[in-house]
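# Summary of structural features
Next come the chains, spelled out residue by residue.
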Amino acid sequence: MDRKNILEKGLLTQYLLGELTREDSLLLESEILKDKVLQEKLRLLESDFEQLAMENAIAPPERVRTSLAHAIEKELKQTTIPLQRVPAKTAFNPMRLLVAASLAALFALTSFFFYSRWQTAEENFILAQESQQELQEQLQSLSEEMQETKAVVSVLNNKDAIPFLLKGNSLSPEAKAVAYVNHNNKSVWVNPQALPKLSQEETYQMWADVDGEMISMGLLPTDKELIALTYIDKAASLNITIEPKGGNDHPTVERLISNVFL
């Protein structure tokens, strides 16, 4: 293990990151003690790592601090060799202690660095999810509006659709609605937007008069441009009444506001 191989293979970086085996670490430490160039390279690498970690670090939660302190204490205990047990041929090496302390500091700083990166990635992931959800909702809304527009255009452009204007009577003189009746495809569409607004406890309902019997065709909410109702065969007239919220199974005749004969 010489200086050239150490530098070319990036062994100093692997050493600082704890990626070398214990045997290789001991061999490398031995070379570092003998080579001032390697000592300077190691010092510069430690400085670079420390600067990178400090630039990106944020304070971790208290549980991370506690866990980290225990890990550093354990690491120092494991790497410290009692003086009385050192063999006679092996002098106490202050470089070992310096390296151990540097590794402990590097471990702490890189922990802060990776915690910061993890927290930033998590925040970005949450923001991406929220943006995706918002985009999906917008696309869904646009799709629904497009479908409604297509339905309106299809009804208005159909040559078989016969328009009928339902004007309000004395109970609601300002009321107006337009019904499009297509006897060929048996469909009825109504534009109720010109009907006066009702209270939240009331609703408009349309009825077909068949041989004197009033049959419900459906409700008429005024917040839509075009409403599809049930086509009733042999209807003589269309009639609009005001009913309780949710509709009724029979018309409230005294609240009939408009009708038209077919």
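Above this note sits the structure.
Below you will find a few notes about this structure.

Definitions and limits used
Residues numbered from 1 in each chain as written. Predicted model: local features only at pLDDT ≥ 70, side-chain atom pairs only at ≥ 80, totals over all residues. Heavy atoms only, no water. Core = buried A, V, L, I, M, F, W, Y, C linked by side-chain atoms within 4.5 Å. Buried < 20%, exposed > 50% of the residue type's maximum accessible area, 1.4 Å probe, protein only. Helix = DSSP H or I, 4+ residues; strand = E, 2+ residues; numbered from the N terminus. Contact = heavy atoms within 4.5 Å. Pairing = 2+ DSSP bridges. Axes fitted to C-alpha atoms, helices over the stretch in contact; angles between N-to-C directions. Salt bridge = Lys/Arg side-chain N within 4 Å of Asp/Glu carboxyl O.

## Let's talk about the nonpolar core
- M206 and L220 are the most contacted members of the largest nonpolar core, which totals 25 residues.
- Counting only elements with at least two residues in this core, the list comes to β1 (162–167), β2 (176–182), β3 (187–191), β4 (202–210), β6 (227–229), β7 (237–244) and β8 (256–261).
- The contacts of M206, once residues within four sequence positions are left out, are L166, V190, I215, S216, M217, G218, L220, L229, L238, N239 and I240.
- Counting eleven residues, the second-largest nonpolar core is a separate cluster that includes L16, L20, I32 and L38.

## Notes on unusual backbone geometry
- Positive phi values are uncommon outside glycine, yet D211 reaches one of about 55°.
- Residues other than glycine seldom take positive phi values, yet K234 does so here, at roughly 60°.
- Locating K234 in the fold gives a position in the loop between β6 and β7.
- Since its relative accessible area comes to 74%, K234 is described here as exposed.

## Re the environment of H250
- Take H250: it is sitting in the loop between β7 and β8.
- On the basis of relative accessibility, which here comes to 46%, the residue H250 falls in the partly exposed class.
- For the pair H250 and M214, spaced 36 residues apart in sequence, the C-alpha separation works out to 7.4 Å.

## Details of the sheet that holds β3
- Across the sheet, which stays open at both edges, the four strands sit in the order β1-β2-β3-β6 with antiparallel pairing between neighbours. Every other strand in the sheet has two partners, leaving β1 and β6 as the edge strands with one partner each. Taking each pair of neighbouring strands and ignoring which way they run, the sheet shows an average axis angle of 25°.
- Across three bridges, β3 lies against β6 in antiparallel orientation. The residue of β6 that forms the bridge with V190 is I227.

## Quick word on the pattern of salt bridges
- Summed over the entire model, instances satisfying the criterion amount to six salt bridges.
- A salt bridge links D35 to R3, with the shortest nitrogen-to-oxygen separation between them at 2.8 Å. Here D35 is found in the loop between α3 (22–34) and α4 (36–56), whereas its partner R3 is found in helix α1 (residues 3–8), with 32 residues between them in sequence.
- What makes D35 buried here is its relative accessible area of 13%.
- The partner of K34 in a salt bridge is E31, and the shortest N-O contact between them spans 3.3 Å. Taken as a pair, K34 and E31 lie in helix α3 at a separation of three residues, close to a single helical turn.

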